[in-house]
Amino acid sequence: MDMNRKLFVRIGLFAVCQPLLSQSAAEPDKRPNILFILSDDHTAQSWGVYGGILGDYVQNENIKRLASEGCVMDNVFCTNSISVPSRAAILTGAYSHHNGVYTLNDALPPQADNIAKQMQAGGYQTALIGKWHLKKEPAGFDYYTVFHDQGDYINPVFKSAHNWIDDDKGSAGDKIEGFSTDIVTDKTIQWIRERDKEKPFMMFCHFKATHEPWDFPERMRHLYDDVTFPEPHNLMDFDGGLSGRTFAGQQLENLALRWQTASKDPTAWWCVYPELPFSTAEMSPEAARKHTYQKLIRDYLRCGATIDDNIGRLLRMLDEESLDENTIVVYVSDQGYFLGEHGFFDKRMMYEESLRMPFVIRYPKEIPAGTRNKDIVLNVDFASLLADYAQVKAPDKSEGHSFRENLKGKTPDTWRQNMYYRYWTHHRIRPAHMGIRSDRYKLIFLYGDPLNTMGSESTSTSPSWEFFDLKEDPYEDLNRYDEPAYSSIIQQMKHDLLQLRKDIGDTDTTVRRWIL
């Protein structure tokens, strides 16, 4: 073929293909954007949309806005109620025994598959800002800037791709002046506004709040001046003698000790507490516990109010950028938290306050506004849900299920009727344990053995059982394990617990022998 002929063919082919190419290039990607807002320890008792004794005290204007424009999930649960494992489960869609992150001391390796990698491969822009806490460098994100380890509330240090070092290697990074929740929001807004507008995005906006030490910016300092907060009815459960509790738990007296020690030496603990000094000197045990509770709630709610304030900023930005209709907004906490219930603070146990993950989601195109859903949903389901919306594959080890249809009010007939939980770290006050929860009943087996998990105490505790009828006893005030009236139900739940363990491949034989 001569040169003229070749040129004619090329021009002809281009003339035929060019309109198709132009049409394809001009076709917008209509898949939804995703703004996934994750807080730390922001428990359901302090959201207002779940009711409770603090419901009239919390500042939650923007959480209520999300709830009124989307769906509130009433029964979302954590599969391992501690930050690092929960975050790994969210990213990978896998339980701890499959993603390898069992305790606070474990790390998620960069080579592990996660939802960000799948989003990235599917054409999404991906970003992560704020608390990471999984120790190794984040993978699957086009852009990330995260705290070293837990991060600081005031003038936090951020690590990015240009200056990354693993958490155990040091804390080098860029210090930014200000309050962490505000800064994370600033960075999130900036990235979304400057993104590539030809592609959909997934933004993981992760706050440090409301993690201990529950600090707050100056504008929140006087929010609860002269307020006395109502107390949980079981605040004075000092030893579990009336409830039949079989473990000590992290009691408020330990928190009072931290504050009093830090009042003498602010560097005595790993964090800096606000508004010290604090003292319970010469108080009765009951008065000291009440005094400790009041400071905890005042600090905690001011910290939480700052989250709500910044959620409002994010929602207004979406409105201004005309992104509100095609952006899925999720707000969720990585687990729950005790706010004086049972005399406790902290989390880690399978009791409701710690187990429950408050969760609200808005997607105007698909999710009916102002709805609630009571289906049992787990943190291992999140990756599958996001993958479903984005039309990408779930992570390789994902064991969860998309609850997209559930959110439309079309729960599949095959949806789970119970859930499996396992907290692997062992301490005498909070023994290693596992359990099963249905819509009404909960059975917990405190096997009390470290099983070589990192960060555990070496001394075992005696195995014990706890059983609760959540319909008759929603606050888990009475362990009914030894009541004959429940014996057949308990036996069935033991059988179901073993079946759940088999279904998800958590089959270590030592624990199975104890259950049988």
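Basis of the calculations
- Numbering of residues starts from 1 in every chain and runs along the sequence as written.
- The predicted origin of the model limits local features to residues at a pLDDT of at least 70 and limits the giving and counting of side-chain atom pairs to 80 or more, whereas totals for whole chains, interfaces and linings rest on all residues.
- Side-chain measures were taken over the full set of non-hydrogen atoms in the model, leaving aside hydrogen atoms and water.
- Helical segments are the DSSP runs of H or I of at least four residues, strand segments are the runs of E of at least two, and each set is numbered from the N terminus.
- Under the scheme applied here, a residue whose accessible area is under 20% of the maximum for its type counts as buried, over 50% as exposed, and between as partly exposed, the area being computed with a 1.4 Å probe on protein chains only.
- Residue contacts are defined here by distance: any two heavy atoms, one from each residue, within 4.5 Å place the two residues in contact.
- Residue-level accessible areas treat just the shown protein chains as cover; the underlying method is Shrake-Rupley with a 1.4 Å probe.
- Any helix carries an expected span of 1.5 Å times its number of residues minus one.
- Under the pairing criterion, centres of Phe, Tyr and Trp rings, with the six-membered ring standing for Trp, must be within 6.5 Å; the plane angle then separates stacked pairs below 30 degrees from edge-to-face pairs above 60, leaving the rest tilted.
- Among buried residues, the Ala, Val, Leu, Ile, Met, Phe, Trp, Tyr and Cys ones that are joined through side-chain atoms within 4.5 Å form a nonpolar core.
- Note on pairing: two strands pair once DSSP finds at least 2 bridges between them.
- For helices, the axis comes from a line fit to the C-alpha atoms of the stretch in contact; other axes are also lines fit to C-alpha atoms, and the angle between any two N-to-C directions lies between 0 and 180 degrees.
- In protein, a polar contact means a hydrogen-donor-capable atom and an acceptor-capable atom, both N or O and within 3.5 Å, with residues adjacent in sequence counting only if both atoms are side-chain atoms; elsewhere, any N or O pair within 3.5 Å suffices.
- Just so you know how the angles are binned, under 35 degrees is roughly parallel, over 145 roughly antiparallel, 65 to 115 roughly perpendicular, and the rest oblique.
- Residue type decides the class: Asp, Glu, Lys and Arg count as charged, Ala, Val, Leu, Ile, Met, Phe, Trp, Tyr, Cys and Pro as nonpolar, and the leftover types, Gly among them, as polar.
- Any Lys or Arg side-chain nitrogen found within 4 Å of a carboxyl oxygen on Asp or Glu counts as a salt bridge.

## Comments concerning the overall build of the protein
Counting its regular elements, the protein contains 13 helices and 18 strands. Taken over the C-alpha atoms alone, the protein extends approximately 100 × 55 × 45 Å along its principal axes. In the protein, which comprises 516 residues, the proportion classed as buried is 58%. In the protein, of all internal contacts separated by at least 6 residues, the share reaching a separation of at least 24 is 70%. About 21,300 Å² of surface is accessible on the protein, with carbon and sulfur atoms providing 51% of the total.

## Things to note about helix α12 (residues 487-503)
Helix length check: α12 (17 residues) gives 24 Å between terminal C-alpha atoms against 24 Å at 1.5 Å per residue, within 8%. Of the residues one or two after α12, G505 is the one with positive phi, at around 75 degrees.

## Re the packing of aromatic side chains
Evaluation of the coordinates by the stated rule reveals 31 aromatic pairs. With centroids separated by 5.5 Å and ring planes inclined at 85 degrees, the aromatic side chains of Y351 and F468 adopt a geometry described as edge-to-face. Of this pair, Y351 sits in the loop between β11 (345-346) and α9 (352-355) while F468 is found in strand β18 (residues 464-469), placing the two residues 117 residues apart along the sequence. Across the pair, exposure class does not vary: Y351 and F468 are buried alike. Pairing Y363 with Y389 gives two aromatic rings, centres 5.5 Å apart and planes at 85 degrees, and the pair type is edge-to-face.

## Describing the nonpolar core
In a soluble, globular protein the nonpolar side chains are often hidden away together inside. Counting residues in hydrophobic clusters, the biggest one holds 59 residues, and the most contacted among them are L35, M203, W214, L296 and Y331. Broken down by secondary-structure element, the contributors of at least two residues to this core are β1 (33-39), α2 (61-69), β4 (125-130), α6 (180-194), β8 (201-206), α7 (252-264), α8 (285-320) and β9 (327-333). No other element matches the 12 residues that α8 contributes to this core. Look past the residues within four positions of L35 in its chain and what remains in contact with it is T188, I192, M203, C205, L314, L318, T327, I328, V329 and V330. Core analysis: the second largest hydrophobic core is formed by 47 residues, L38, I90, Y363 and V377 among them.

## Observations regarding the sheet that holds strand β17 (residues 441-446)
Note on sheets: strands pair through backbone hydrogen bonds, and any given pair is parallel or antiparallel. Read across the open sheet, the 4 strands follow the order β15-β16-β17-β18; overall the sheet is antiparallel. Looking at the sheet topology across the chains shown, the edges are occupied by β15 (418-423) and β18. The sheet shows a mean angle of 10 degrees between the axes of neighbouring strands, direction not considered. When strand β16 (residues 433-438) meets β17, the two strands line up antiparallel, connected through 4 bridges. The residue of β17 that forms the bridge with G435 is I444.

## With respect to the side chain of S354
You can see S354 is positioned in helix α9. A distance of 2.9 Å separates a polar atom in the side chain of S354 from the backbone oxygen of M349. Setting aside residues up to four positions removed in sequence, S354 forms contacts with S81, Q335, G336, Y337, F338, K347, R348 and M349.

## Considering the packing of α7 against α8
Two elements in contact, α7 and α8, have axes whose closest approach is 9 Å; the angle formed by their N-to-C orientations is 70 degrees. Classified by the angle their axes make, α7 and α8 are roughly perpendicular. Of the residues in α8, those in contact with L252, E253, L255, A256 and W259 of α7 are P285, R289, T292, Y293, K295, L296 and D299. Here the residues of the contact of α7 with α8 sort into 7 nonpolar, 1 polar and 4 charged.

## So, helix α3 (residues 83-92)
Extensive coverage of α3 is indicated by the burial of 10 of its 10 residues. Of all the positions in α3, only S83, V84, P85, S86, R87, A88, A89, I90, L91 and T92 are classed as buried. Each element contacted by the buried residues of α3 is listed here: β1, α4 (96-99), α5 (115-121), β8 and α10 (382-390). At the C-terminal side of α3, G93 shows a positive phi close to 75 degrees.

## So, the pattern of salt bridges
Under the criterion given, the structure shown has 47 salt bridges. For D40, the salt bridge identified is with R87, shortest N-O distance 3.1 Å. With a gap of 47 residues between them, D40 in the loop between β1 and α2 and R87 in helix α3 connect regions that are remote in the sequence. Each member of the pair, D40 together with R87, is buried. Residue D506 pairs with R501 through a salt bridge whose shortest N-O separation is 3.3 Å. Under the relative-accessibility criterion, R501 is labelled buried at 3%. Here the salt bridges share partners, and the residues they tie into one network are E218, R221, E275, K295, D299 and R302.

## Some words on the sheet that holds strand β2 (residues 71-73)
Read across the open sheet, the 10 strands follow the order β7-β6-β5-β4-β8-β1-β9-β12-β2-β13; overall the sheet is mixed. Of all strands in the sheet, those with a lone pairing partner are β7 (174-175) and β13 (371-373), marking the two edges. In the sheet, β1 pairs with β8 via 5 bridges, with the strands oriented parallel. When the sheet's bridge partners are listed, I37 is paired in β8 with C205. Packed onto the sheet, α2 meets β2, β9 and β12 (359-362) and runs at close to 60 degrees relative to β12.

## Here we look at unusual backbone geometry
Each neighbour pair has its own omega, and for A209 with T210 the value is 5 degrees, a cis peptide bond. Located in the positive-phi region is D226, a residue other than glycine, with phi close to 65 degrees. Here D226 shows up in the loop between β8 and α7. You can call D226 exposed: its relative accessible area is 81%.

## Digging into the pairing of β12
Of the two faces of β12, the one carrying F359 and I361 and the one carrying V360 and R362 are both buried. Here β2 pairs with β12 via 3 bridges, running antiparallel. The residue bridging M73 from the neighbouring strand is F359, located in β12. As judged from the 4 bridges shared by β9 and β12, these two strands associate in the antiparallel manner. In the strand pairing of β12, V329 is matched with R362.

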